[in-house]
Amino acid sequence: MPVNIAMDGPVGAGKSTIADEVAKRLGILHLDTGAMYRALGVAALDRGLDVNDEEAVTNLCQTIHMDVTHEQGGQHTLVDGEDLTSRLRTEQASMAASKVATYPGVRAEMVRSQQRLARSHAMLVDGRDIGTRVLPKATLKIFITASPEVRAKRRFLQLKESGKLGDTTFEQVLSDLLARDDQDMHRETDPLRRAEDAVLVDTSEMDFEASVEAILALAKERMA
Ligand code: DC
């Protein structure tokens, strides 16, 4: 079994960017499983499906072919040969992903393909159910979090810097984040929770480099 690192945590903990950097420094691949739920959401919308229609979305998930490739610029996520990567970060894709991720049939399919990918390569896999469901025997499990206020502040600054803030207030960003936390932690199938053997990394008081270093130290110790 190749080295597998499981990294879970709520939205806005900096998981994806930290995971990218840690994987790069360890020389292993980074699998962003959120991108797979997002790609399914976008594919459903493209085909004119209602993402609230569990049967139609589950059916779609079982019939499409999803490919994940890793190139120099990072992960590409393709559905039936179409590269959807540049369309996965919109608010619409986030909403659709969060809905389709609640369906047990969808999760079963996703977990299977994520396990298949992790069997073939050394990988750092980030998501919500990696330590608890996808890779229960991971070499190292990390649960990365930060206080809701700190996470909302980071998200607010990110939106501002990318010119996407519009007239959204900090209070709105915070309440959206709490709503997504609630949805992720209280869904019936594989909710977000810390695996008993996951190491908790709270980045509330850490900057990006300190967070990366903390996880690298844990990974090196475990891989030695
Ligand atoms: O990490 P993200 O924001 O890109 O994830 C998109 C959505 O998919 C989010 O609502 C949580 C969900 N998700 C999940 O349920 N399980 C995963 N392993 C990864 C993401």
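Up top you'll find the structure we're talking about.
Residues numbered from 1 in each chain as written. Predicted model: local features only at pLDDT ≥ 70, side-chain atom pairs only at ≥ 80, totals over all residues. Heavy atoms only, no water.

**Student:** What is the right way to look at the overall build of the chain in this model?
**Tutor:** Secondary structure assignment for the chain yields nine helices and eight strands. Computed over its C-alpha atoms, the radius of gyration of the chain comes to 17 Å, within 12% of the 17 Å expected for a compact globule of 224 residues. Principal-axis analysis of the C-alpha atoms gives the chain an extent of 50 × 45 × 35 Å. Residues counted as buried form 46% of the 224 residues belonging to the chain. Here the analysis covers contacts within the chain between residues at least 6 apart in sequence; of these, 74% occur between residues at least 24 apart. When the accessible area of the chain is evaluated, it comes to approximately 11,400 Å², of which 50% is carbon and sulfur surface. If the 28 positive side-chain charges of the chain are averaged to one point and the 36 negative ones to another, these points end up 3 Å apart. (Helix = DSSP H or I, 4+ residues; strand = E, 2+ residues; numbered from the N terminus. Rg over C-alpha atoms; globule rule 2.2 N^0.38 Å. Buried < 20%, exposed > 50% of the residue type's maximum accessible area, 1.4 Å probe, protein only. Contact = heavy atoms within 4.5 Å. Areas by Shrake-Rupley, 256 points an atom, 1.4 Å probe, with all protein chains shown as cover. Lys, Arg positive; Asp, Glu negative; His and termini not counted. Charge placed at Lys NZ, Arg CZ, Asp CG, Glu CD.)

**Student:** Mind showing me how you'd approach the sheet that holds strand β5 (residues 82-83) here?
**Tutor:** Two modes of strand pairing occur in sheets, parallel and antiparallel, and in both the strands are linked by backbone hydrogen bonds. Across the sheet, three strands lie side by side as β3-β4-β5; this open sheet has antiparallel pairing. The open sheet has two edge strands, β3 (66-71) and β5, and neither has a second partner. Across the sheet, helix α2 (residues 33-46) is in contact with β3 and β4 (74-79); its angle to β4 comes to roughly 35°. (Pairing = 2+ DSSP bridges. Axes fitted to C-alpha atoms, helices over the stretch in contact; angles between N-to-C directions.)

**Student:** It is not clear to me how the packing of aromatic side chains should be interpreted in this structure. Could you clarify?
**Tutor:** How two aromatic rings sit relative to each other is set out by the distance from centre to centre and by the angle between their planes. Applying the stated criterion to the full structure yields one aromatic pair. Aromatic side chains Phe156 and Phe170 sit 6.0 Å apart centroid to centroid with 85° between the ring planes, which places their arrangement in the edge-to-face category. Highlighted residues: Phe156 in helix α7 (residues 148-161) and Phe170 in helix α8 (residues 170-186), separated in sequence by 14 residues. On the accessibility criterion, Phe170 (24% relative accessible area) is partly exposed. (Phe/Tyr/Trp six-rings, centres within 6.5 Å; stacked < 30°, edge-to-face > 60°.)

**Student:** Please explain the site of the ligand as it appears in this structure.
**Tutor:** Near the ligand you find 16 residues, and of these Arg38, Arg107, Arg128, Asp129 and Arg187 are the closest. At 2.9 Å from a nitrogen atom of the ligand is found a side-chain nitrogen or oxygen belonging to Asp129. Residue Arg187 places a side-chain N or O atom 3.0 Å away from an oxygen atom belonging to the ligand. Among the secondary structure elements, those contributing two or more residues to the shell around the ligand are α2, α4 (91-100) and α8. Of all the elements, α2 adds the most residues to the shell around the ligand, at four residues. (Near = heavy atom within 4 Å. Polar contact = N/O pair within 3.5 Å; in protein donor to acceptor, adjacent residues only side chain to side chain.)

**Student:** What is the right way to look at the layout of surface pockets in this model?
**Tutor:** Of the voids in this model, the second largest pocket is the one considered here, and its volume is about 330 Å³. Taken together, 15 residues form the lining of the second largest pocket, with His65, Met66, Asp67, Ser113 and Arg116 sitting closest to its centre. In terms of residues, the lining of the second largest pocket owes the most to one element, helix α5 (residues 104-120), which gives seven residues. Taken together, the residues of the lining of the second largest pocket sort by class into seven nonpolar, four polar and four charged. (1 Å grid on protein atoms, 1.4 Å probe; cavity = no way out; pocket = protein on both sides within 12 Å on 5 of 7 lines; lining within 4 Å. Points joined across faces, edges and corners; volume = space filled by probe spheres on them. Nonpolar A, V, L, I, M, F, W, Y, C, P; charged D, E, K, R; others polar.)

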